[in-house]
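Examination of the molecular architecture
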Amino acid sequence: MLVNSYTNDGLWNLEKPVMPQRSRLFPLEPIGIGTIYVESLSGYVARLAEYHSTTTEQLILSKILPLMERRMSQTSPTDIINNFFGIHYSLAAANEIKGIFATTLIQVLEELTLRQDLTNLSPLKWASLTFESSFLRLYQAWCPLCYGSWRTQNRIIYNPLLWLVNTIKFCPHHEHQTLIEHCLHCNQQFPTLTRCSRPGYCSSCHLWLGDFGINQNLDEQVVTENSENSWQYLLMGDVSSHRRDKLTWQCMWFDDVEDLVANEPSQFLPPKNQTLDDF
Ligand SMILES: [Zn+2]
Ligand SMILES: [Zn+2]
């Protein structure tokens, strides 16, 4: 009886291949890291929920809370949930970085997404160590023109941290637009993180908060206004330099504010939404 002998058998590697570690949540890239338009931590959590087609409440209860309970064993789950959705002990009340709740949340998000840069979402470390009170609004504020132009250009809708800084009253991007704090549809305010937060939408009536594209060419107008060839430059000097100085002053609480402002492209815009055609 013939027996086939496979002389190459000895070359087979029967060891299990090493699988790279998989993240439990999509490693969503934060927007504007290293610039003055960095995303807020609360806005990042809301966008992470949106990316997974769920609500912030579901994301927090199912994925984030169990890990936070393990790390904050001295704190009851109810108190942790109150930190998320309450007002006076919220992320905003802690400058999104101060205290065990904010720091633990960042650690847990990094564990779930396997990202290592989420601590950069909170550039208020110096201010939090130096001052007792928070510099952030407890309720969400926004620029309807920014939301509107991002949607018109099919860009990612997000919440920059500087919209929450309580000394900033006007949008740095659209200098004549005050930051809005009440929904124009239902007249309600809502905290920076709610059970159904979604950047660009009211947490009370769930309607769109942005402009409806009437000013879709506004960004091009701003570019023109800031152009060094404009008449303003001839009359007033370097407008972009003046704007940078103003931004530095407005965001004086941010860590390394001069570097952040210097990193700012003349017109920072969030990335475009990706479509199947991009792959
Ligand atoms: Zn704006
Ligand atoms: Zn509303």
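Going along each chain's sequence as written, the residues are numbered from 1 onward. Going through the entries in the order they are written, you letter the chains from A and number the ligands from 1. Residue-level local features of this predicted model are given only where pLDDT is at least 70; pairs of side-chain atoms are given and counted only at 80 or more, and the full residue set underlies all totals for whole chains, interfaces and linings. For the side-chain quantities, the full set of heavy atoms in the structure was used; hydrogens and water were omitted.

Planes of paired rings set the category: under 30 degrees apart is stacked, over 60 is edge-to-face and the rest tilted, where pairs are Phe, Tyr or Trp rings (Trp by its six-membered ring) whose centres lie within 6.5 Å. A complete count under the given rule lists 15 aromatic pairs for this structure. Each ring, one from W150 and one from W163, has its centre 5.8 Å from the other, and the planes form 15°; the classification is stacked. Note that W150 is positioned in helix α6 (residues 144-152) and W163 in the loop between α6 and α7 (218-226), a separation of 13 residues in sequence. In textbook terms, an aromatic cluster arises when at least three aromatic residues are bridged by ring pairs, as seen for Y147, W150, Y158, W163, Y201 and W208. Directly above the aromatic system of Y201 lies the positively charged group of R198, at a separation of 4.1 Å from the ring centroid. In this description a helix means any DSSP run of H or I spanning at least four residues, a strand means any run of E spanning at least two, and both kinds are numbered starting from the N terminus. In this scheme, Lys NZ or Arg CZ marks a charge over a ring once it lies within 6 Å of the ring centre and within 35 degrees of the ring normal.

Take the environment of I168 next. Considering the arrangement of structural elements, one finds I168 in the loop between α6 and α7. Sequence separation between I168 and Q250 is 82 residues, and the spatial gap between their C-alpha atoms is 6.2 Å. Residue contacts are counted whenever heavy atoms from the two residues lie within 4.5 Å of one another. Apart from residues no more than four positions distant in its own chain, I168 is found in contact with R137, L162, L179, Q250 and C251.

This brings us to the coordination of the zinc ion (ligand 1). Around the zinc ion (ligand 1), the protein contributes the donor atoms C143 (SG), C146 (SG), C171 (SG) and H174 (ND1), at 2.1 to 2.4 Å from the metal centre. Of note, the donors binding the zinc ion (ligand 1) are all from one chain and are spaced C-x2-C-x24-C-x2-H. Accessibility classification places C171 together with H174 in one group, the buried group. Excluding water, the donors of a metal are its N, O and S neighbours within 2.8 Å, or within 3.2 Å for Na, K and Ca, and that exclusion means sites may look incomplete. Here's how the labels work: a residue is buried when its accessible area is under 20% of the maximum for its type, exposed when over 50%, partly exposed in between, all with a 1.4 Å probe on protein chains only.

This part is about the coordination of the zinc ion (ligand 2). Around the zinc ion (ligand 2), the protein supplies C183 (SG), C186 (SG), C202 (SG) and C205 (SG) as donor atoms, at distances of 2.2 to 2.4 Å. Square planar and octahedral assignments, for four and six donors respectively, both demand that opposite donors be over 155 degrees apart and that all other angles lie between 65 and 115; tetrahedral needs four donors with all angles between 85 and 135 degrees, and anything else is irregular. Around the zinc ion (ligand 2), the four donor atoms sit at angles spanning 107 to 118°, and that spread fits a shape best called tetrahedral. Every donor residue of the zinc ion (ligand 2) comes from the same chain, spaced as C-x2-C-x15-C-x2-C. With C183 in the loop between α6 and α7 and C205 in the loop between α6 and α7, this pair connects stretches of sequence that are 22 residues apart. Under the relative-accessibility criterion, C183 is labelled buried at 2%. In this structure C205 comes out as partly exposed when scored by relative accessible area, which is 25%.

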